[in-house]
Amino acid sequence: MDLTGIVTPDRPLLVLAVKEEAQFLDRFVDLGLPVLLTGMGKVNAASSLATVLGRGPLPSSVINLGTAGALRPGWSGTHEVGTVLQHDLDTDMLRGLTGETYGAPLTLSPGGPVLATGDVFVSDEASRDRLAARADLVDMEGYALASVASQAGVPIRLVKHVSDDAGDGAARSWRESVAGCARALAAWATSHLAGDR
């Protein structure tokens with residue numbers, strides 16, 4: 001976990017997994033917007049954000065900027081997520097065992113794409129095709145961040161730029177495209193957060 005800047009109630013907290021995704025956000029820190037790097041995966045994301053929110057004060061909102069794999073042909077560019085789900089938690093099985101629902105999908109912004117979150121970097125065609133039946137994009141942190149923010153009563157937006165096709169060669173594609181993705185995410189922040197600086 002690496003927090004740069006000071007969290008205040010009148011400004012959003014920018015949250016990203018790794019420095020590669022945040023490499024063009026220095027100007028936002030200079031303008032007073034805090035940036036939290038959580039590390040990859042649901043546990044790192046949840047524990048980092050919960051720690052920052054638990055310390056207080058709460059930010060006006062949480063903005064998660066990050067990369068995502070496309071689960072269907074033709075997906076590219078930057079997208080604000082509408083619904084997020086966990087693809088590696090067997091909610092139906094747990095409901096059958098306990099009668100309780102754990103990890104239900106979270107709706108953030110009606111009409112946006114569905115993001116599947118899980119603790120695996122999806123990089124094979126079979127996994128991608130299986131996930132495509134339920135979602136448009138895949139990442140490793142979104143659901144965890146949305147869950148923590150929701151429990152803390154803080155609004156959250158998940159903004160993802162497509163870095164790869166979540167198939168064979170996805171790791172190489174991510175490494176090759178992450179700088180361009182980081183530029184696109186910084187451009188999104190510039191155009192959508194102008195009033196928050």
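Worth saying up front: this structure is predicted, and the values here are computed from it rather than measured.

Student: Please provide a residue-by-residue account of the nonpolar core, values included.
Tutor: Counting residues in each nonpolar core, the largest one holds 25 residues, and the members touching the most others are Leu-13, Val-15, Leu-49, Val-84, Leu-115 and Ile-156. Of all the secondary structure elements, the ones that give two or more residues to this core are β2 (13-16), α2 (42-55), β4 (62-70), α5 (142-152) and β10 (156-164). Among the elements that make up this core, the one with the highest residue count is α5 (six residues). Non-local contacts of Leu-49, meaning those with residues more than four positions away in its chain, are made with Leu-13, Val-15, Leu-36, Val-62, Leu-145, Val-148 and Ala-149. Within the second largest apolar cluster, 16 residues are counted, among which are Leu-14, Ala-22, Leu-33 and Leu-185.

Student: Go over the pairing of β10 with me, naming the residues and quoting the values.
Tutor: For β10, a buried count of eight out of nine residues is recorded, marking the element as mostly surrounded by other parts of the structure. Where β4 meets β10, eight bridges bridge the pair, whose relative direction is parallel. Across the sheet, residue Gly-66 finds its bridge partner in β10, namely Lys-160. In terms of strand pairing, strand β5 (residues 78-80) meets β10 through three bridges, oriented antiparallel. When the sheet's bridge partners are listed, His-79 is paired in β10 with Lys-160.

Student: Now, about the pattern of salt bridges: what can you tell me, with residues and values included?
Tutor: Scanning all chains against the criterion turns up nine salt bridges. Between Arg-157 and Glu-80 there is a salt bridge whose closest N-O contact spans 2.9 Å. In this pair, Arg-157 is assigned in strand β10 and Glu-80 in strand β5, connecting sequence segments 77 residues apart. Residue classification places Arg-157 among the partly exposed positions, given a relative accessible area of 28%. Note that Glu-176 and Arg-172 form a salt bridge whose closest N and O atoms lie 3.9 Å from each other. Residue Glu-176 and its partner Arg-172 are both found in helix α6 (residues 170-192); the two are separated by four residues, about one turn of the helix. What emerges from the salt-bridge pattern is a single network uniting Glu-125, Arg-128, Asp-129 and Asp-165.

Rules of the game
- Residues numbered from 1 in each chain as written.
- Predicted model: local features only at pLDDT ≥ 70, side-chain atom pairs only at ≥ 80, totals over all residues.
- Heavy atoms only, no water.
- Core = buried A, V, L, I, M, F, W, Y, C linked by side-chain atoms within 4.5 Å.
- Buried < 20%, exposed > 50% of the residue type's maximum accessible area, 1.4 Å probe, protein only.
- Helix = DSSP H or I, 4+ residues; strand = E, 2+ residues; numbered from the N terminus.
- Contact = heavy atoms within 4.5 Å.
- Pairing = 2+ DSSP bridges.
- Salt bridge = Lys/Arg side-chain N within 4 Å of Asp/Glu carboxyl O.

Remember that the coordinates give geometry; whether it matters functionally is a separate question.
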